[in-house]
Structure formats: structure tokens, C-alpha cells
Amino acid sequence: MPDHVPADLPDGVSAGPDRAPRRLLDRQRAAAAAAPPSDAAQRRASLRRLDALLHQDGDRLHAAVSADFGHRAYPETVLAELVPLRAAIGFALRHLGHWMRPRRRRVAWSFQPGTAWVLHQPLGCVGIVSPWNYPLFLSIGPLIDALAAGNRVMLKPSELTPRFSARLAELLAARFEPEQVAVVTGGPEVAQAFCALPFDHLLFTGSTAVGRAVMRAAAETLTPVTLELGGKSPVLVAPDADPVRTARSLMIGKLFNAGQTCIAPDYALVPQHRLPEFTGALLAEAARLYPRIADNPDYTRIISERHLDRLGHLVDEAAERGAAVLRDPAHQAEGDRPRLSGRMVPTLLLGAPDDSEAMRDEIFGPVLPVLGYRTLDEAIALVNRRPRPLALYCYTDDRDTERHVLRHTLSGGATVNGTILHCAQPDLPFGGVGPSGTGAYHGETGFLRFSHARGIYRPGRISGFTTLAPPHGRLSARLLPLMLGRRRSRPAS
Ligand code: NAD
């Protein structure tokens with residue numbers, strides 16, 4: 001795959017002649033005021049345009065992402081970005097008509113005769129801020145839902161993937177008027193100004209720390225937010241789990257995109273007496289998936305030297321605090337970081353203390369702390385002592401254990417006997433809970449997220465409300481007690 005994309009990229013690039021984000025928003029608002037809200041046919045046409053972009057330019061977008069990463073494995077862009085996005089568009093195209101239909105609601109008996117229904121209307125102009133780790137999926141994913149709901153969108157991708165952002169801006173500008181979809185690029189200052197704009201909704205995907213600042217900025221304009229944040233997603237390996245099957249599935253999810261995944265398994269809880277068996281299986285699986293590290297085209301690089309340093313520090317600090325650092329001998333033999341060309345050897349940390357950085361911070365790389373537990377309830381308690389995670393994974397073939405774990409924990413989403421995969425299901429809501437996020441999207445949930453659910457009531461010609469109006473006489477005296485569930489009228493005091 002050619003990694004050719006120009007490197008000299010100006011900040012503040014936007015999909016249109018007008019570069020200032022505020023002016024872009026004004027233009028989108030003016031366009032919204034001048035035209036009726038889009039109908040199903042127009043929304044489908046927008047979604048098809050997006051699909052054509054992914055179909056025709058997916059490889060160019062991959063090349064840009066790969067250049068930004070130094071190297072991103074091509075199958076990972078296909079499997080985690082292009083395929084689920086095109087599936088999400090197909091899903092929206094199939095179900096949009098149904099989602100847009102007015103939804104009939106019940107009318108309370110005392111307001112009969114009458115009709116009540118909910119109409120889902122576009123919110124207006126939506127802002128989307130996305131991170132670098134899956135830059136395409138996390139920009140276009142919310143865009144699909146926002147367009148399906150009939151909105152206009154301004155998108156601010158991450159400054160850590162500048163080639164991708166410039167390419168995306170160019171490709172979207174070729175297919176959408178800036179009044180409908182516009183891209184704004186730049187670093188944290190541009191992002192800050194972007195999040196201060198009075199959007200009708202702001203969807204932010206990124207770290208919990210920045211999410212806090214985004215919510216503060218949005219509060220100033222009372223802009224409703226969806227926050228898709230990070231956190232430490234645990235893996236609970238139940239006592240009955242098969243080590244080889246579990247290790248294979250867990251390591252595929254952990255090492256995908258070199259662990260730079262918001263819902264990557266962050267740490268694993270394993271029955272104490274089976275620790276050697278499991279750690280052996282995990283290392284063997286890492287070596288089977290990636291027999292070599294340096295220059296392995298299947299293994300994605302860490303996004304930057306700074307991120308690589310952070311991961312190295314995380315491992316060193318855990319080791320200083322008494323954790324055992326485990327690597328497969330074949331990987332260990334490959335040697336030092338410069339030769340590994342920006343890649344990091346898959347690493348297990350055994351017995352990292354609770355207050356070590358590896359157990360406090362989100363890992364976001366190919367490092368997996370493994371902890372032993374004595375009883376399943378002890379493991380559940382350990383998960384529940386921590387902030388509510390974005391995802392939780394449970395390995396068991398026993399349905400009672402599965403139910404027990406799911407019932408006694410709470411996370412944004414979960415996959416049983418697998419990792420990551422719940423995120424790719426177009427009919428499942430995706431989002432966090434508490435510190436891992438606010439609100440969800442994908443599929444119908446995304447359509448609803450970016451729509452205003454407008455409750456509408458139409459009374460019949462004979463309406464209780466007009467019948468029971470002043471001046472109150474005998475009819476009121478008879479009916480009011482009935483409405484209160486009393487059989488007889490009581491004299492008014
Ligand atoms: P980040 O929070 O550093 O940056 C995300 C975006 O926020 C970027 O576009 C950046 O320009 C912008 N930004 C930076 N400073 C800002 C500010 N002060 N105000 C407003 N916006 C600002 O996150 P990142 O390093 O790009 O991504 C990694 C994090 O994102 C991890 O914590 C990961 O778990 C999380 N994440 C979450 C999801 C999810 O769906 N929940 C998906 C991917 C990544």
C-alpha cells in the first residue's frame with residue numbers, strides 16, 4: 001500500500017473557502033434556515049455518497065492513516081474501519097424509513113379521545129471531535145448517524161493523524177457542500193475553540209481528561225454532549241474458561257492496532273491457581289499471531305515516540321514496584337526499541353500493584369497486566385471498585401457464570417467469549433457509562449441521539465380539557481372525583 005501523502009499540512013483546513021469554524025457554523029445554520037429539513041430520500045443520497053467515498057477512496061484513506069502511524073496493518077483498517085462503516089451505512093439505508101416514521105404513543109384515558117405520537121426531527125448542526133486511533137471509524141461513524149438523522153455536520157479530526165485529516169477534508173469536500181458537511185483541522189487550540197461553538201449537539205471521542213474540558217466548554221452554550229471516552233476495560237476469565245481458546249481470542253483483541261483501541265482488553269483477572277497456564281498461553285498466542293515484531297507488516301506501530309516512551313515507562317514503573325515482566329522468548333530475542341521500528345513487544349505484567357501506573361491509567365498499547373483472583377466474586381468486587389469501564393469481557397462456557405458476571409457489573413458494553421466485537425454490531429448501542437462516557441450511538445441509537453424526540457398530542461373534537469374548563473359546575477363536580485379515583489364527590493372545603 002503506498003504511504004504517499006503530502007507532509008506539509010496547514011492547520012485550520014476546512015472543506016470550503018471559508019476557514020473559520022464559527023463562520024462555517026453560521027453558514028450551516030443559514031442553509032438550514034433556508035431549506036426544509038431533509039427527507040428520507042435526501043438522507044439516503046447523503047449516505048450513499050459516503051459509501052461511495054469509502055468504496056472508492058478507502059485505500060487512499062488507509063495510506064494516509066498508515067503514513068500517520070508510521071505503519072498501520074492494512075487488514076486492520078479494512079476490518080475495523082472500512083467494513084463496519086459500510087455495514088453501518090447499509091444498516092441505516094435499510095432501516096431509515098422505519099426510524100423516521102412517526103411513532104404512536106398511548107393516550108391517558110382522561111385525555112381520550114386524542115392521539116399522541118413522537119416525531120424525530122433533526123437537531124440542526126452537529127459537531128464531531130474524533131481521536132487518532134481509529135480516525136476513519138470514529139469520524140465517519142458518528143457522521144453516518146448524524147446524516148441519517150438529517151443534520152448538518154462539522155468534523156474535527158485529531159491533529160495526531162494530519163495526513164488522514166487532510167485527505168478526509170479533501171474527499172468530503174468533493175462530495176458534500178460545506179453547508180452540509182465540513183472538516184476543520186488543527187490542534188488542541190482549534191479543538192478548544194471548536195468545542196466552544198454553540199452546536200445543537202456535540203459528540204466528542206477521546207480521553208476522559210479532555211472529555212471533562214469538553215463538557216465544561218459545552219456547558220457555557222448549553223450544548224448537549226455525547227462523550228465517548230476511555231478507561232480500563234477488564235477481562236474476567238472465569239474458572240471454567242479454556243486457556244488456549246481464551247488466550248487466542250483475548251490476544252487478537254489486545255494486539256489489534258497494537259493495543260491502541262479504546263475497548264481493548266486493559267487488564268485480565270485470572271483464577272490464581274491457573275495463572276502459569278494462562279500467562280503461558282497468552283505469550284504463546286502473541287508469538288503465534290506475530291512471530292516477529294520488527295518490520296512485521298501485520299503489526300501496527302505505536303502512533304508516536306512520545307506514546308512509545310509512555311508505554312515503556314509504564315512497564316518500568318510496574319517492574320520497579322515488584323511486577324514480573326513477561327515476554328515470549330522469541331520476541332525478547334528481537335532486542336531493543338530502535339530495531340523494532342516504532343513497534344512494541346507484547347508484554348504481560350504479572351502482579352502489578354493496584355496503585356501502579358499500569359493499574360491506574362488506561363494502557364492503550366500492547367501491555368497486559370494479569371492479576372490472580374481466588375473467587376469470582378472477589379474478581380467482580382475488584383472490577384466494581386474501579387471507575388465504570390467502557391467495555392467488559394468475560395470468558396466462560398457456563399451461562400449461569402455469564403449471567404452472574406453481567407448482572408453484578410456495569411460497563412458501557414460487553415462481549416462474552418470475545419473482545420471488541422460488540423462495537424461492530426450495527427444494531428447495538430455503543431457508548432460508555434460514568435467516567436467512560438455519556439450517551440451512546442450506532443444504528444437506531446445513533447439516529448435517536450442526533451434527533452429531537454418531539455412529543456405531539458392532538459385532542460379529539462370532544463376534549464376533556466375544554467369540557468372541564470371554568471366556570472366549574474355540576475359536570476366538574478362529578479368528573480373531578482372520578483379522575484382522582486374516588487367514587488363519590490366530596491364537598492369542597
Ligand atoms: P484526546 O482526548 O487527546 O484527543 C481527542 C480529540 O480531542 C482530538 O481531536 C483533539 O484535537 C481534541 N482535543 C484536544 N484537546 C482538547 C481540548 N482542550 N478541548 C477540546 N478538544 C480537545 O484523545 P486521543 O489521544 O486522540 O485518543 C485516545 C483516547 O480516546 C483514549 O482515552 C481512548 O480510550 C479514547 N477513545 C475512546 C473511544 C470511544 O469510542 N469511547 C474511541 C477511541 C478512543
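Note: the structure precedes this text.
No experiment lies behind these values; they were computed from the predicted model shown.

(A) Here's a closer look at the overall build of the protein chain. Looking only at helices and strands, the protein chain features 17 helices and 18 strands. Sequence-distant contacts, at least 24 apart, represent 77% of the contacts inside the protein chain between residues at least 6 apart. Carbon together with sulfur atoms contributes 56% to the accessible area of the protein chain, which is approximately 22,500 Å² in total. A gap of 14 Å separates the mean positions of the 58 positive and 49 negative side-chain charges of the protein chain.

(B) Quick peek at the site of the ligand. Looking at the ligand, there are 28 residues lining it, with K156, E159, S207, L229 and E362 nearest. Note that an oxygen atom of the ligand is positioned 2.8 Å from one of the side-chain N or O atoms of K156. At a separation of 3.4 Å, a nitrogen atom of the ligand approaches a polar backbone atom of E228. Burial of the ligand by the surrounding chains reaches 90%, relative to a free accessible area of 840 Å². Most atoms of the ligand, that is more than half of them, are within 2 Å of grid points of the largest pocket. Sorting elements by how many residues they give to the shell around the ligand places helix α6 (residues 188-195) first, with four residues. Classifying every residue of the shell around the ligand by side-chain character gives 16 nonpolar, eight polar and four charged. The residues that make up the shell around the ligand include at least three from each of domain 1 (13-229 + 442-452) and domain 2 (233-431).

(C) Looking closely at the side chain of N133. Residue position: N133 is located in the loop between β3 (125-129) and α4 (137-148). For N133, the side chain forms a polar contact with the main-chain oxygen of Q260, separated by 3.3 Å. Apart from residues lying up to four places away in sequence, N133 is in contact with F69, R72, L138, N257, Q260, T261, C262 and F364.

(D) Quick peek at the packing of aromatic side chains. Tallying each qualifying case throughout the model produces seven aromatic pairs. Seen in terms of ring centroids, F91 and W99 are 6.0 Å apart; in terms of plane orientation they differ by 50°. Their pairing is tilted. Judged by relative accessible area, which is 10%, F91 ranks as buried. Overall, the relative accessible area of 3% leaves W99 in the buried class. Between W99 and F447 the ring centres are 5.7 Å apart and the planes differ by 35°, which places this aromatic pair in the tilted class. Taken together, the residues span a long stretch of sequence, with W99 in helix α3 (residues 74-100) and F447 in helix α15 (residues 443-449) at a distance of 348 residues. The burial state of W99 is the same as that of F447; both residues are buried. Clustering of aromatic rings is evident, with ring pairs tying together F69, W132 and F364.

(E) Representation of the environment of P435 in the model. Considering the arrangement of structural elements, one finds P435 in the loop between β15 (430-431) and β16 (437-438). For the pair P435 and Q121, spaced 314 residues apart in sequence, the C-alpha separation works out to 29 Å.

(F) How the structure looks around helix α1 (residues 21-34). Taking 1.5 Å of rise per residue, the 14 residues of α1 would be expected to cover 20 Å, and the 20 Å separating its terminal C-alpha atoms lies within 8% of that figure. Listed as buried for α1 are L24, L25, Q28 and A31. Down the axis of α1, the sector holding all buried residues measures 125°, keeping them to one side. In α1, those exposed residues whose orientation departs by more than 90 degrees from the buried face are A33 and A34. Structurally, α1 contributes buried residues whose contacts are with β3, β4 (152-156) and β5 (181-183).

(G) Representation of the side chain of S233 within the structure. In this structure, S233 sits in strand β8 (residues 233-237). There is a polar contact of 3.2 Å between the side chain of S233 and the backbone nitrogen of A391. Apart from residues lying up to four places away in sequence, S233 is in contact with C262, I263, A264, P265, D266, Y267, P389, L390, A391 and Y393.

(H) Representation of the layout of surface pockets. Roughly 1,300 Å³ of internal volume is contained in the largest pocket. Together, 46 residues line the largest pocket, and G206, S207, T208, A209 and V210 are the ones closest to its centre. When residues of the lining of the largest pocket are traced back to their parent elements, those giving at least two are α6, β6 (201-205), α7 (208-220) and α10 (305-320). Per-element accounting of the lining of the largest pocket gives the leading share, seven residues, to α7. Across the lining of the largest pocket, the residue classes tally to 22 nonpolar, twelve polar and twelve charged. Inspection of the lining of the largest pocket shows a minimum of three residues originating in each of domain 1 (13-229 + 442-452) and domain 2 (233-431). Of the voids in this model, the second largest pocket is the one considered here, and its volume is about 700 Å³. Looking at the second largest pocket, it is lined by 31 residues, and the ones nearest its centre are L79, A80, F256, I420 and L421. Of all the secondary-structure elements, those providing two or more residues to the lining of the second largest pocket are α3, α4 and α8 (243-255).

(I) Inspection of the environment of H408 at higher detail. Among the structural elements, H408 can be located in helix α14 (residues 399-408). In this structure, the C-alpha to C-alpha distance between H408 and A238, residues 170 residues apart in sequence, is 14 Å. What H408 contacts, discounting residues up to four positions off in sequence, is I380 and N384.

(J) Molecular detail of a nonpolar patch on the surface. On the surface, W109, L480 and M483 cluster together to form a nonpolar patch covering roughly 340 Å² of accessible area. Take W109: its relative accessible area is 61%, and that puts it in the exposed class.

What counts, and where the lines are drawn
Residues numbered from 1 in each chain as written. Predicted model: local features only at pLDDT ≥ 70, side-chain atom pairs only at ≥ 80, totals over all residues. Heavy atoms only, no water. Helix = DSSP H or I, 4+ residues; strand = E, 2+ residues; numbered from the N terminus. Contact = heavy atoms within 4.5 Å. Areas by Shrake-Rupley, 256 points an atom, 1.4 Å probe, with all protein chains shown as cover. Lys, Arg positive; Asp, Glu negative; His and termini not counted. Charge placed at Lys NZ, Arg CZ, Asp CG, Glu CD. Near = heavy atom within 4 Å. Polar contact = N/O pair within 3.5 Å; in protein donor to acceptor, adjacent residues only side chain to side chain. 1 Å grid on protein atoms, 1.4 Å probe; cavity = no way out; pocket = protein on both sides within 12 Å on 5 of 7 lines; lining within 4 Å. Sits in = over half its atoms within 2 Å of the grid points. Nonpolar A, V, L, I, M, F, W, Y, C, P; charged D, E, K, R; others polar. Domains from an automatic or database assignment. Phe/Tyr/Trp six-rings, centres within 6.5 Å; stacked < 30°, edge-to-face > 60°. Buried < 20%, exposed > 50% of the residue type's maximum accessible area, 1.4 Å probe, protein only. Expected span 1.5 Å × (residues − 1). Arc of directions from axis to C-beta. Points joined across faces, edges and corners; volume = space filled by probe spheres on them. Patch = residues over 30% accessible without salt bridge, like charges linked within 9 Å, V, L, I, M, F, W, Y side chains within 5 Å. Salt bridge = Lys/Arg side-chain N within 4 Å of Asp/Glu carboxyl O.

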